[in-house]
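Chain and residue survey
Letter by letter, the chains look like this.
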Amino acid sequence: MPTDAAGTEHYPAGAKAGIVSLVPSLTELVFELGLEKQLLGRPSKCAEPQGRVDAITIVGSPTNIDLMKLAELGPSHVLVSINDTPETTLQEIINLGVQVVVTHCDGPEDVPALLDLMGGIFDREAQAEALTAALQREIEAIRLAAAQHPVRKVIYLTWKNPWLTISPDCYTARMLALAGLSLLSGDSTAASRELQLDQAFLSQAQLVLFGDDPFQFEEEDVQDFQLDHGIGSIPALEMIDSRGLSWPGKRAVDGLRELSEIIAQL
């Protein structure tokens, strides 16, 4: 029987399930598994897949759910992330008589278990297995590529003015580690993740990655970075799809492929 990240077992529901997703990445995964006709609700900051998700009813954000609207939709299952939805909100949803499917991925190696869970509950085993096979191929390929080189130091930027980075123990950092990239976080604190980009810090890195979420870096931002910090001392600079490094499903496959292309050029 499919068991979620909270240890709760779920009976297979198949086509009878009505789904509300409270996590943008899980909303996209629902579409990838061919379950869009069963998707009743989604979170407000949900833009993917573009052109298809707009028709789905908004039920709030993971931390601020409109329980009345959710109840009106009458879902059988609500998809949540263990880190994003407060325990009190989870209990309120359970009190509505709805099954809450709790998900969590520490890194890309955990994604197959998520796919297996979703496929098992919603009768999408074949689609889940295909995604898992594609992901495993990319994981093995990037491991082999990374093994050909010493570990490289990387700066990963998520914001400018101030320059912010990610937590060294998050999903994205583990994606980078799989590619043989070790995150440089300097003296940044867990609260702010602000970086002091002096020359001593920059000189440690072989690569600087500019994400597109939450701050959407563009080419002019990369050029400004070069001008501000001295072109001669700057390591390789690359823009990258942040969601490919932080979302499960096909995004993880695409993210690993993009990383493989970047490390091949270093």
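Residues numbered from 1 in each chain as written. Predicted model: local features only at pLDDT ≥ 70, side-chain atom pairs only at ≥ 80, totals over all residues. Heavy atoms only, no water.

**Focus: the sheet that holds strand S10 (residues 207–210)**
The 4 strands lie next to each other as S9-S8-S10-S11, forming an open sheet whose pairing is parallel. Lying at the two open borders of the sheet, with one neighbouring strand each, are strand S9 (181–183) and strand S11 (236–239). For this sheet the average axis-to-axis angle between neighbouring strands, irrespective of direction, equals 30°. For strand S8 (residues 152–157) and S10, the ladder comprises 4 bridges, and the chain directions are parallel. Counted as the bridge partner of Tyr-156 is Leu-209 from S10. Packing against the sheet, helix H8 (residues 219–229) makes contact with S8, S10 and S11, and its axis sits at approximately 160° to S11. In this fold helix H9 (residues 250–265) packs onto S8, S9, S10 and S11, with an angle of close to 160° to the strand it touches most, S11. (Pairing = 2+ DSSP bridges. Helix = DSSP H or I, 4+ residues; strand = E, 2+ residues; numbered from the N terminus. Axes fitted to C-alpha atoms, helices over the stretch in contact; angles between N-to-C directions. Contact = heavy atoms within 4.5 Å.)

**So, the pairing of strand S7 (residues 99–103)**
Across the 5 residues of S7, 4 count as buried, placing the element largely inside the fold. Bridge count between strand S6 (residues 77–81) and S7: 5 bridges; the pairing is parallel. Bridge pairing links Leu-79 to Val-101 in S7. Traced from S6 through helix H3 (residues 87–95) to S7, the parallel crossover comes out right-handed. (Buried < 20%, exposed > 50% of the residue type's maximum accessible area, 1.4 Å probe, protein only. Right-handed = clockwise from strand over helix to strand, strands pointing away.)

Shape descriptors only; they carry no functional weight alone.
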